[in-house]
Structures are given as C-alpha cells and as structure tokens.
Amino acid sequence: MSNKPVGVVGAGSFGTAVANLLARNSDVLLYARNADTVNEMATKRLSAGQQLHERVTPTNSLEEIATKCNVLFPVVPSSGFRDLMVSMSQYLRPYHMMIHGTKGLDLRIPEEKPHDFVLSQDHVFTMSEIIKQETVVVRVGCLAGPNLASELSSGDPAATVIASPFNEVIEQGKTLLRSENFQVYGNADLRGVELCGVLKNIIAVASGILAGLGLGENSRGLLVSRGLVEMIYLGKALGGEISSFIGLAGIGDLVATTSSASSRNYTLGQKIGKGATLEQALGEMEEVAEGINTIRIIHQLAESQGIKPLITETLYKILYEDMTAEKGVNYLMRYPGNIDIDFI
C-alpha cells in the first residue's frame with residue numbers, strides 16, 4: 001500500500017485538512033465532485049481556504065481515486081454519504097480499506113410501514129454500516145477526535161482516534177496519519193467511537209446557544225458535564241461502550257467542539273442563541289452542521305423508544321417548535337436532578 005497514493009473523498013474543510021495530514025507521509029488524491037472546483041484547486045493550490053500540500057492531487061473521478069488508491073478516507077456530509085457509496089460501489093473491491101471521517105447518522109424509515117411500526121435503532125445507521133451495506137468493502141474504520149479543521153491546517157499539535165474491529169485498519173491509519181505533531185490512537189469499539197462523534201455535535205449546538213445568550217463558563221461547564229452523561233446513556237442504548245465516551249473521541253472531542261468558534265455546530269448554535277431562526281442560521285453557514293440532523297434523528301428515536309434525553313429534547317423544541325432559547329435554558333435549569341453520576 002505504501003507505493004500507492006491515498007484517496008480522500010470530499011474536499012470540504014475537514015477533508016482538505018485530512019488530505020494535507022496524509023500528504024506528509026504519502027501521495028494523496030483529493031476528490032471533489034465539481035470539475036470546475038477541481039480545476040481551480042489544481043490551478044490555485046487552494047481547497048476550502050487551505051493551501052494544498054504539494055503531494056495532493058485534485059480529481060473529480062471516483063473511478064480514478066478507487067482504481068489508484070487502496071486506502072480511502074470518505075469525508076462528506078452524512079446526508080450524501082449513502083449516495084456516494086452507491087456511486088463508488090462499482091469501482092470498489094474487497095481489497096479496499098475505508099476509514100471515514102463523517103460524524104452523522106442515516107435514518108431509514110420503510111415507505112410502507114405496518115400499523116404497529118415503531119422506530120428503533122434498526123432504522124438508524126452509522127457511516128461504517130452504510131459502507132458495508134452498499135459496497136463490498138470489509139475492512140472499515142472511522143476517524144474521530146478533537147480535530148477542528150482550522151487548527152489542523154495551522155499545524156497545531158493534535159490527535160485522533162482510528163476505530164475499527166480490524167487491527168490492520170488501525171495500524172494502517174496510524175502509519176498514514178501519524179507525524180511529529182499529530183498523534184493517532186486506536187480503538188476496537190467502532191460503533192462507540194462513531195457515536196461519540198455523532199452525539200457530541202448535539203451538545204456543541206447547545207453550547208453555542210449558551211454563548212449566543214451571553215452566558216458564562218459555569219453554564220458551559222454544567223452543559224458539558226451533563227451533556228457527556230446524556231451522550232453515554234444514548235451511546236449505551238445504541239450499542240457503544242462507556243470507555244469510548246470518556247476517551248479522546250468522546251470527552252476530548254466534546255471539549256473542543258463546545259468551546260470553539262471554529263466548530264460549525266457551536267457557530268450555528270451561537271447564531272440561534274442571538275435570535276436567528278434555524279432557517280436563517282443555516283443560510284449563513286458555508287458547510288453542514290451535522291448536529292441539526294442528529295438532533296432530529298435522536299428525537300424521533302427517543303420518542304419511539306420512550307426514553308428522554310433532556311438536552312436533545314430541549315434543543316428539538318428550540319429548533320423545530322416554538323420554544324425560545326431563553327425558555328429552553330430555564331426549562332433545563334428547573335428540571336429536577338438527582339444523582340450526578342450513576343452509570344459507573
């Protein structure tokens with residue numbers, strides 16, 4: 001594999017940052033769907049506002065990137081992930097290895113539902129499950145952790161987690177990504193690590209709302225600690241392990257994305273806290289804030305299963321119903337709490 005380039009599918013801010021990280025150790029093909037965008041990337045050597053490493057070559061051919069690369073890093077929004085895998089499937093072979101960097105969920109509800117239909121986790125899929133459903137790729141993993149694209153592109157010290165049930169995937173990820181200021185850890189709990197990246201986006205939106213309301217660090221500390229508890233309860237219910245949530249992909253990523261204006265979910269929440277509607281806030285965003293779709297999916301799943309993730313439910317009311325951000329905070333503060341930690 002070392003003689004072949006590595007493929008990154010998706011030239012957004014995070015995909016570009018990943019491509020530049022990989023380029024320290026390997027030649028890289030970076031896929032963008034639009035041919036004009038690829039031509040501009042090749043000419044100006046810029047992608048998503050980042051300077052491209054000299055070893056990164058842009059392409060808009062899925063066939064080329066699948067044919068030339070054995071290891072692929074899909075980094076596209078979850079809303080388009082399944083369609084991407086369907087489009088790529090004709091070019092993929094069992095020898096391919098995929099390590100995705102998408103932090104989202106895919107909801108599949110049958111078109112013809114029985115009268116007693118109940119939404120369950122059997123209808124909610126992670127990106128690794130989509131890869132296995134739509135392609136012949138077997139060796140699958142994910143990339144997760146406190147990896148804000150703006151800081152990665154600046155070369156600040158950082159770390160990530162490669163999660164996979166296959167040790168070969170973890171070791172390959174370490175070989176390709178590790179450098180003097182970028183550490184890579186391994187974790188066998190693929191589902192748990194994927195859920196960490198998904199669920200922390202919910203808390204990041206809430207943290208942004210607090211900032212938009214002008215509330216301080218005590219409020220953020222309360223939110224982050226209770227948010228982690230909610231993530232663990234939801235993660236366990238969806239098949240993850242507690243250990244993943246208290247590691248780098250869990251609390252590490254949670255701290256980063258709930259305190260940084262570079263986080264898309266935090267930024268979107270901040271706009272809403274300042275009085276923007278969801279539609280207005282989304283209109284001002286250049287890239288997808290995955291937390292919005294996650295809040296909707298987790299709300300539907302929790303409602304059908306009779307569980308009550310308090311922060312997620314309150315955010316749903318703020319985003320999709322008539323609750324104001326101020327009322328949402330007041331509601332959370334008035335809700336009676338009992339035991340601080342009861343999952344250990």
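The following paragraphs examine the structure supplied in this document. (Residues numbered from 1 in each chain as written. Predicted model: local features only at pLDDT ≥ 70, side-chain atom pairs only at ≥ 80, totals over all residues. Heavy atoms only, no water.)

**Some words on the sheet that holds strand β2 (residues 28-31)**
- Strand order in this open sheet of eight strands is β5-β2-β1-β6-β7-β10-β11-β12, and the pairing throughout is mixed. Edge positions in the sheet fall to β5 (56-59) and β12 (182-187), since each has one partner strand and no second. Averaged over all pairs of adjacent strands, the angle between their axes in this sheet comes to 25°, without regard to strand direction.
- Bridge count for strand β1 (residues 6-9) against strand β6 (residues 71-74) is three bridges, and the pairing is parallel. When the sheet's bridge partners are listed, Gly-7 is paired in β6 with Leu-72.
- This element, helix α11 (residues 248-257), spans β10 (139-144), β11 (158-163) and β12 of the sheet and lies at about 145° to β11. (Pairing = 2+ DSSP bridges. Helix = DSSP H or I, 4+ residues; strand = E, 2+ residues; numbered from the N terminus. Axes fitted to C-alpha atoms, helices over the stretch in contact; angles between N-to-C directions. Contact = heavy atoms within 4.5 Å.)

**Thoughts on empty space enclosed by the protein**
- Summed over all chains, the structure comprises two cavities of 30 Å³ or more.
- Volume-wise, the second largest cavity comes out at about 40 Å³.
- Around the second largest cavity, the lining residues are His-100, Thr-102, Lys-103, Cys-142, Leu-143, Ala-144, Val-193, Glu-194 and Gly-197.
- For the lining of the second largest cavity, the secondary structure elements donating two or more residues are β10 and α8 (190-212).
- Its residues placed into classes, the lining of the second largest cavity shows four nonpolar, three polar and two charged. (1 Å grid on protein atoms, 1.4 Å probe; cavity = no way out; pocket = protein on both sides within 12 Å on 5 of 7 lines; lining within 4 Å. Points joined across faces, edges and corners; volume = space filled by probe spheres on them. Nonpolar A, V, L, I, M, F, W, Y, C, P; charged D, E, K, R; others polar.)

**Quick notes on the layout of surface pockets**
- Within this model, the largest pocket holds a volume of roughly 1300 Å³.
- Lining the largest pocket are 44 residues, and of these Gly-12, Ser-13, Pro-77, Arg-264 and Glu-287 lie nearest its centre.
- Going through the elements one at a time, α1 (13-22), α4 (81-88), α6 (149-154), α8, α11 and α12 (264-273) are the ones with two or more residues in the lining of the largest pocket.
- Residues belonging to the lining of the largest pocket are distributed by class as follows: 15 nonpolar, 20 polar and nine charged.
- In this model, the second largest pocket occupies a volume close to 1000 Å³.
- Arg-226, Glu-230, Leu-310, Ile-311 and Leu-332 are the residues nearest the centre of the second largest pocket, which is lined by 33 residues in total.
- Mapped by element, the contributors of at least two residues to the lining of the second largest pocket are α8, α9 (217-237), α15 (310-320) and α16 (325-334).

**Considering the pattern of salt bridges**
- Scanning the model with the defined rule gives 14 salt bridges in all.
- For Arg-139, the salt bridge identified is with Glu-168, shortest N-O distance 2.5 Å. Remark: Glu-168 occurs in helix α7 (residues 167-177) and Arg-139 occurs in strand β10; sequence separation between them is 29 residues.
- On the basis of relative accessible area, Glu-168 is assigned to the partly exposed category, the value being 44%.
- Note that Arg-264 and Glu-287 form a salt bridge whose closest N and O atoms lie 3.8 Å from each other. With Arg-264 in helix α12 and Glu-287 in the loop between α13 (278-283) and α14 (290-305), this residue pair connects regions lying 23 residues apart in the sequence.
- Given the relative accessible area of 33%, Arg-264 is considered partly exposed.
- Residue class for Glu-287 comes out partly exposed when judged on its relative accessible area of 29%. (Salt bridge = Lys/Arg side-chain N within 4 Å of Asp/Glu carboxyl O. Buried < 20%, exposed > 50% of the residue type's maximum accessible area, 1.4 Å probe, protein only.)

**Remarks on the nonpolar core**
- With 49 residues, the main nonpolar core has Leu-199, Leu-268, Ile-272 and Leu-315 as its most contacted residues.
- Examining the composition of this core, we find that 12 residues originate from one element, α8, more than from any other.
- Non-local contacts of Leu-268, meaning those with residues more than four positions away in its chain, are made with Leu-278, Ala-281, Leu-282, Met-285, Ala-289 and Ile-292.
- The next biggest cluster of nonpolar side chains, apart from the first, holds 33 residues, and it includes Ala-11, Ala-32, Leu-152 and Val-169. (Core = buried A, V, L, I, M, F, W, Y, C linked by side-chain atoms within 4.5 Å.)

**Brief notes about the state of the cysteines**
- All chains considered together, the criterion is met by zero disulfides.
- Summary of cysteine pairing: Cys-142 is not part of a disulfide, and the nearest cysteine sulfur, belonging to Cys-196, is at 8.9 Å.
- Residue classification places Cys-142 among the buried residues on the basis of a relative accessible area of 1%. (Disulfide = S-S within 2.5 Å.)

**Description of the packing of α8 against α14**
- Viewed as axis vectors pointing N to C, α8 and α14 meet at an angle of 105°, and their least axial separation amounts to 8 Å. By the angle between their directions, the pair α8 and α14 is classed as roughly perpendicular. Across from Val-198, Leu-199, Asn-201, Ile-202 and Val-205 in α8, the residues of α14 making contact are Glu-290, Gly-291, Thr-294, Ile-295 and Ile-298.
- Its residues placed into classes, the contact of α8 with α14 shows six nonpolar, three polar and one charged. (Parallel < 35°, antiparallel > 145°, perpendicular 65-115°, else oblique.)

**Describing the pairing of β6**
- With burial as the criterion, each face of β6 is covered, one bearing Val-71 and Phe-73 and the other bearing Leu-72 and Pro-74.
- Bridge count between β6 and strand β7 (residues 97-100): two bridges; the pairing is parallel. Paired with Leu-72 across the bridge in β7 is Met-98.
- A crossover connection joins β6 to the parallel β7 through α4; in handedness this β-α-β unit is right-handed. (Right-handed = clockwise from strand over helix to strand, strands pointing away.)

Worth remembering: the numbers are spatial, not functional.
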